[in-house]
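Below, each chain spelled out in residue letters.
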Amino acid sequence: MDARLEQNLAGRCAVGDIATRAAARFKERLAVKDGDAELSFHEVNRLACHLAQALLNRGLGGHAVGIMGRNSWQFIVSYFGCAKAGSVAMLINLGLDPENIAYCLRDAEVQWLIADRGLQPLVEAAVGFLGDSVQIIWFGQESGGKQEFEALLQEGGDAEPAVYIDDRAAAQLLYTSGTTSRPKGVLTSHVAVTVTALASSLQTQLSANDRVLHILPLYHCADLNAFAVPGFVQGAAAYVMPSFNASAVLGLIDREQITVAFLLPMMWQALLGVPDSRERSRPSIRLAMYAMASMPEGRIAELKQVFPNALVLLGAGQTEFTPPTTFQKPEHEGIKSGSWGSAVATVEVGIMDEQGRLLDAGQTGEIVYRGPHAMSGYLNQAEATADAFRHGWFHSGDIGWMDEEGVVWFSDRKKDMVKSGGENVSSLEVEHCLAQHPAVSAVSVIGLPHPYWGEAVTALVIREPGANLGEEALLAYARERLAGFKVPKRIVFVEEFPKTGTGKIQKNVLRQWHHELYEAPDAAGSRKEEGK
């Protein structure tokens, strides 16, 4: 062993070593429970070593290895196995269509794909765009399926791979959901993943006594980096589920006495909708985390009745920051629940104007970040990377402000602010207003070209089933609750919204579809008086 490798092994910051240390500290304690399968920390690390050695034997060290699957023990072993080999775990978003998955695989130059046989139609459709350039290694228990993954594991051994891993080399590669263009590959270093795991452990107070539910996809960094990897740092047991079913989730919470759950607001609401769910309390939950959107105070109060010992808190972030940037503190619950919370310990947050000046508390601008969580860059996109890091900060594309306590309040996505008649209108504010109408199921607000207003505030609305709601009635509702210039110029009723692989509404597609809405002869003046 040469001196350079010896020094690297002794002092590096590497994601695969998180599993190594977990095995040494927590040994035979439960690490992952996946249905009937139970793996200890020792067993996860042993299998990860086997996979790493197999990858190195195949010459895949340093290369991107695709992982395409639902939540499972194999997914977790594959992630740590790639990290130990110095390979890049390229995690594939199952919400993408086959053509975009193929684009990501081609962009990352993936030669090997570890895939869930239960996803065979999607996998083969995507790989079909690439010819014979990608070899698939299947895992899973589909009927009669050959278990290539288990055979691959048998090629390796129990010893830790002695491989040089640079701290700043990429540990994982995730693609953004592509709301405005093709997905962008976000390269995240071993340092970023490790520091994120430590910061998230500190923020959520994870311990070896915790039993953590993993229902959000591990191919997203939210659950993977903010909960799953931190669980290995602290010895928390991971209970993985491949898909969301509200009744099954409640059953698992009851049966396994889950202590930490991270769900989307719609999922928490679905738990409350399960028959008889409110008739008993579930005191085991101590932390009920959510993300993507704030929850109304009334729903938080309902959750507190079912989970009486739980803190119900929001965490915010993005893929480029691995992802947590801000978390609500316990003292924010019920007081600043509409906020994003304050910066995590390893992240600095600022509000910046267009000239690169940091703004004072209470002033609105772009939310920017600094810290070791930051991505290394966008794969093969040097110009986009440079733009994201201008002025020495990472630019989130989110608009917001900070209060005197350093709590961040989100206003809108920068590209979704509507400039109408010289006034800035938050699409989010208008959406929140219209969503309160009992006949509105979902709403998305965009700005469209208008010959008089420049941009016209326009609402696309999905009605509740059976609702008899007209445009004028909803506009009247908005006029009673919004400033005149914020009231939509038009309301268009639709059946559904185009969405990204992560479930976000594609406002860019809505703008394309309705680009000519105000080009009718009377459009310029038909609602000219409404915004005055």
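Residues numbered from 1 in each chain as written. Predicted model: local features only at pLDDT ≥ 70, side-chain atom pairs only at ≥ 80, totals over all residues. Heavy atoms only, no water.

Engineer: Let's hear about the confidence of the model for the protein: which residues, and what values?
Structural biologist: Per-residue confidence for the protein gives a mean pLDDT of 92; residues scoring 70 or more make up 95%. Note on residues 521–532: pLDDT under 50 across the span, and 23 contacts to partners over four residues away in sequence or across chains. (pLDDT = per-residue confidence, 0-100. Contact = heavy atoms within 4.5 Å.)

Engineer: An account of the pairing of strand β16 (residues 348–352) is needed here, citing residue identities and associated values.
Structural biologist: On a regular strand, each side chain points to the face opposite its neighbour's, so the side chains alternate between the two faces of the sheet. Taken across its 5 residues, β16 has 4 buried, putting it largely inside the fold. The pairing of β16 with strand β17 (residues 365–370) spans 5 bridges and is classified as antiparallel. Along β17, the bridge assignment pairs glutamate 348 with arginine 370. (Buried < 20%, exposed > 50% of the residue type's maximum accessible area, 1.4 Å probe, protein only. Helix = DSSP H or I, 4+ residues; strand = E, 2+ residues; numbered from the N terminus. Pairing = 2+ DSSP bridges.)

Engineer: Lay out the sheet that holds strand β15 (residues 342–343) in plain terms, naming residues and giving numbers.
Structural biologist: What links the strands of a sheet is backbone hydrogen bonding, and the strands pair in either a parallel or an antiparallel sense. An order of β2-β1-β10-β9-β11-β12-β13-β14-β15 is seen for the 9 strands of this open sheet, with the pairing classed as mixed. Two strands close off the open sheet at either side, each with one partner strand: β2 (37–40) and β15. Judged from the 4 bridges that link them, strand β12 (residues 287–290) and strand β13 (residues 311–317) form a sheet pairing that is parallel. Along β13, the bridge assignment pairs tyrosine 290 with leucine 314. The strands touched by helix α4 (residues 73–85) are β1 (30–34), β2 and β10 (237–240); relative to β1, the strand with the most contacts, the crossing angle is about 135 degrees. Along the sheet face, helix α9 (residues 221–234) touches β1, β9 (211–214), β11 (260–262), β12 and β14 (324–327) and points at about 155 degrees away from the line of β9. (Axes fitted to C-alpha atoms, helices over the stretch in contact; angles between N-to-C directions.)

Engineer: Any details on unusual backbone geometry? Residues and values, ideally.
Structural biologist: Backbone torsion omega between threonine 322 and proline 323 reads -20 degrees, so that peptide bond is classified as cis. If you check the backbone angles, lysine 27 has positive phi at about 45 degrees while not being a glycine. Along the chain, lysine 27 falls in the loop between α2 (15–26) and β1. The phi angle at glutamine 205 is positive, at roughly 55 degrees, despite the residue not being glycine.

Engineer: Which residues make up the sheet that holds strand β18 (residues 377–378), and what values go with them?
Structural biologist: With mixed pairing, 7 strands are arranged side by side in an open sheet as β6-β5-β3-β4-β7-β8-β18. Edge positions in the sheet fall to β6 (135–139) and β18, since each of these pairs with one other strand and no more. In terms of strand pairing, strand β3 (residues 64–68) meets strand β5 (residues 112–116) through 4 bridges, oriented parallel. Counterpart to isoleucine 67 in the pairing with β5 is isoleucine 114.

Engineer: Kindly report on the pattern of salt bridges, identifying the contributing residues and their values.
Structural biologist: For the structure shown, the criterion picks out 25 salt bridges. The shortest N-O distance in the salt bridge between aspartate 116 and arginine 70 comes to 3.1 Å. Of this pair, aspartate 116 sits in strand β5 while arginine 70 sits in the loop between β3 and α4; the two residues are 46 residues apart in sequence, bridging distant segments of the chain. According to the relative accessible area criterion, arginine 70 is partly exposed, its value standing at 30%. A salt bridge links aspartate 403 to lysine 336; the nearest nitrogen and oxygen atoms lie 2.8 Å apart. (Salt bridge = Lys/Arg side-chain N within 4 Å of Asp/Glu carboxyl O.)

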